[in-house]
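# Fold and geometry: a report
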Amino acid sequence: MTEGDGGENLVKLDDFEGELSEPWQDARGRKVIDKNGDEVGTVEELYIWEDPSTVHLIAVSGEERSFLIPVHTVTNVDEEAVKLETARDKVMDSPGFESGDVPDPETRRAAFDYYGYPDPLDLGGS
């Protein structure tokens, strides 16, 4: 099978034609706060898993670079900020992501591996 990597199901929020399961999930422009209340950066883009219509990865722009954070690290989202279960230092040491494109499967997997989560797109989500 040629469609086993699941990448074809991941799109930018602006390219997503369905409805997100929860309206708070368009968090672009909100601050990203670590578990200690320290600011990590700003939500730049959301990458949506089209089926079952959920946010999969968050692109965050920090002071010096941008990076991807799996949605699994998010503990709370409100009108002010996106809060993470992770410390700022861990986020700042994560692999960089400087592309405006949808992450390729290797980049996506690297982000999930770094944070210690299995990538749902590799677990039969394609």
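Rules of the game
- Residues numbered from 1 in each chain as written.
- Predicted model: local features only at pLDDT ≥ 70, side-chain atom pairs only at ≥ 80, totals over all residues.
- Heavy atoms only, no water.
- Salt bridge = Lys/Arg side-chain N within 4 Å of Asp/Glu carboxyl O.
- Helix = DSSP H or I, 4+ residues; strand = E, 2+ residues; numbered from the N terminus.
- Buried < 20%, exposed > 50% of the residue type's maximum accessible area, 1.4 Å probe, protein only.
- Polar contact = N/O pair within 3.5 Å; in protein donor to acceptor, adjacent residues only side chain to side chain.
- Contact = heavy atoms within 4.5 Å.
- Phe/Tyr/Trp six-rings, centres within 6.5 Å; stacked < 30°, edge-to-face > 60°.
- Lys NZ or Arg CZ within 6 Å of the ring centre and 35° of its normal.
- pLDDT = per-residue confidence, 0-100.
- Pairing = 2+ DSSP bridges.

Right, let's get into the pattern of salt bridges. Two side chains that carry opposite charge are able to pair once their charged atoms sit near each other. Taken as a whole and judged by the stated rule, the model has 4 salt bridges. Taking the shortest distance from any N to any O, the salt bridge between Arg108 and Asp119 comes out at 2.3 Å. Of the two residues, Arg108 sits in helix 2 (residues 105–115) while Asp119 sits in the segment after helix 2, which places them 11 residues apart along the sequence. Comparing Arg108 with Asp119 shows no difference in burial state: the two are buried.

This part takes up the side chain of Thr73. For Thr73, the location among the structural elements is in the loop between strand 5 (66–70) and strand 6 (74–77). Thr73 sits in the buried class, given a relative accessible area of 1%. Within the local environment of Thr73, its side chain forms a polar contact with the backbone oxygen of Pro70, the two atoms lying 2.9 Å apart. The contacts of Thr73, once residues within four sequence positions are left out, are Lys83, Leu84, Glu85, Thr86, Tyr115 and Tyr117.

Moving on to the packing of aromatic side chains. By the definition in use, this model includes 2 aromatic pairs. Consider the rings of Tyr47 and Phe97, whose centres lie 6.1 Å apart with planes at 90 degrees: the pair is edge-to-face. Taken together, the residues Tyr47 in strand 3 (residues 39–49) and Phe97 in the loop between helix 1 (88–92) and helix 2 connect sequence positions 50 residues apart. Like Phe97, Tyr47 is buried. Positioned above the aromatic ring of Tyr114 is the side chain of Lys90, whose terminal nitrogen or guanidinium carbon lies 4.3 Å from the ring centre. For Lys90, the ring lying beneath its charged end belongs to Tyr115, and the centroid distance is 5.9 Å.

Mapped onto the secondary structure, Ser94 falls in the loop between helix 1 and helix 2. For Ser94, a relative accessible area of 2% translates into the label buried. Those residues in contact with Ser94 that sit more than four places away from it in its chain are Arg65, Phe67, Tyr114 and Tyr115.

Residue placement: Ser99 occurs in the loop between helix 1 and helix 2. You can call Ser99 partly exposed: its relative accessible area is 29%. For the pair Ser99 and Ala59, spaced 40 residues apart in the sequence, the C-alpha separation amounts to 9.6 Å.

The pLDDT averaged across the protein works out to 83; a share of 83% of its residues lies at or above 70. Every residue in residues 1–7 is under pLDDT 50, and counting partners more than four places away or in other chains gives 12 contacts.

Of all 8 residues that make up strand 4 (residues 54–61), 6 are buried, and the element is covered over most of its length. Alignment of strand 3 against strand 4, held across 7 bridges, turns out to be antiparallel. Its bridge partner lying in strand 4, Ile48 is registered against Val55. In terms of strand pairing, strand 4 meets strand 5 through 5 bridges, oriented antiparallel. Counted as the bridge partner of Val60 is Phe67 from strand 5. Counted between consecutive antiparallel strands, the loop separating strand 4 from strand 5 contains 4 residues.

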